[in-house]
Amino acid sequence: MMRRFFLCLALCAATALAPCDALAKKSEAQIQAELNEFVLTYVDKANKRLSVNRAKPRVTKEKGVYVARFTEIDRSSVTAEVRPSRSKHFQYVARLRYHEMTYECEGKTRKAALSGPWKCVNVRRLTEMPRYAKGKWEN
């Protein structure tokens with residue numbers, strides 16, 4: 001019984017150390033591919049988490065007309081570059097750049113304002129710095 005316990009303990013210890021070796025062997029191309037996947041997932045989640053998004057635009061009455069607005073990240077504007085990090089806490093850092101777009105539509109009624117067509121009224125250029133630590137990208 002004790003022999004099995006120590007054998008399992010040795011196997012678990014060997015398995016726990018293996019990911020460190022796997023991290024060192026990843027190429028920058030693999031890290032970039034993982035970053036690209038992370039970025040698309042991150043943008044989709046961010047667009048859903050915005051309090052005023054395409055699915056839930058805010059409608060206000062301004063100067064006698066209804067104005068519907070929402071904000072979202074433009075997926076086509078997203079760029080991400082990987083760089084080695086000087087930090088001892090993470091291996092790589094990325095520069096993530098994108099455009100946050102604000103759209104508007106006006107109408108005589110609330111329903112008309114929500115029906116479109118939407119026009120872009122503001123663009124914010126944003127930069128974030130996600131980091132690669134413990135085998136995954138995080139922000």
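Residues numbered from 1 in each chain as written. Predicted model: local features only at pLDDT ≥ 70, side-chain atom pairs only at ≥ 80, totals over all residues. Heavy atoms only, no water.

(A) How the structure looks around the confidence of the model for the protein. When pLDDT is averaged along the protein, the result is 85; 82% of the residues meet or exceed 70. Low pLDDT, under 50, characterises residues 5-10; the predicted model gives this stretch zero contacts beyond four residues in sequence or across chains. (pLDDT = per-residue confidence, 0-100. Contact = heavy atoms within 4.5 Å.)

(B) The pattern of salt bridges, seen in detail. Per the stated rule, a full pass over the model turns up six salt bridges. Its salt-bridge partner being Glu62, residue Arg69 comes within 3.0 Å of it at the nearest N-O pair. Here Arg69 falls in the partly exposed class, since its relative accessible area comes to 26%. With its nearest N and O atoms 3.1 Å apart, the salt bridge here joins Glu100 to Arg124. On the criterion of sequence distance, the pair formed by Glu100 in strand β3 (residues 92-107) and Arg124 in strand β4 (residues 119-128) is long-range, its members being 24 residues apart. Because the salt bridges share partners, they merge into one network encompassing Glu62, Arg69 and Glu104. (Salt bridge = Lys/Arg side-chain N within 4 Å of Asp/Glu carboxyl O. Buried < 20%, exposed > 50% of the residue type's maximum accessible area, 1.4 Å probe, protein only. Helix = DSSP H or I, 4+ residues; strand = E, 2+ residues; numbered from the N terminus.)

(C) Main features of the side chain of Arg95. On the secondary structure map, Arg95 appears in strand β3. Glu81 provides the closest opposite charge to the buried, unpaired Arg95, separated from it by 4.3 Å. In this structure, Arg95 is in contact with Thr79, Ala80, Glu81, Arg83, Thr127, Glu128 and Met129, ignoring residues within four places of it in sequence. (Lys, Arg positive; Asp, Glu negative; His and termini not counted.)

(D) Quick look at unusual backbone geometry. A cis amide bond links Gly116 to the next residue, Pro117, at an omega of 0 degrees. Positionally, Pro117 belongs in the loop between α3 (110-115) and β4. The backbone of Lys134 shows a phi angle near 55 degrees, a positive value even though the residue is not glycine. By the element assignment, Lys134 lies in the loop between β5 (131-133) and β6 (136-138).

(E) Here's a closer look at the nonpolar core. By size, the foremost hydrophobic cluster in this structure holds 16 residues, and its most contacted members are Leu35, Val39 and Trp137. If you list the elements that add at least two residues to this core, you get α2 (28-49), β2 (65-84) and β3. Residues contacting Trp137, with those up to four places away along its chain left out, are Ile31, Glu34, Leu35, Phe38, Val82, Tyr92, Val93, Ala94, Pro130, Arg131 and Tyr132. (Core = buried A, V, L, I, M, F, W, Y, C linked by side-chain atoms within 4.5 Å.)

(F) Representation of the packing of aromatic side chains in the model. Summed over the entire model, instances satisfying the criterion amount to five aromatic pairs. On the numbers, 4.8 Å between centres and 80 degrees between planes, the contact of Phe70 with Trp118 is edge-to-face. Note that Phe70 is positioned in strand β2 and Trp118 in the loop between α3 and β4, a separation of 48 residues in sequence. With a relative accessible area of 1%, Phe70 lands in the buried category. Of the residues examined, Trp118 reaches a relative accessible area of 27% and is grouped as partly exposed. Grouping aromatic residues by their ring pairs yields a cluster made of Phe70, Tyr103 and Trp118. (Phe/Tyr/Trp six-rings, centres within 6.5 Å; stacked < 30°, edge-to-face > 60°.)

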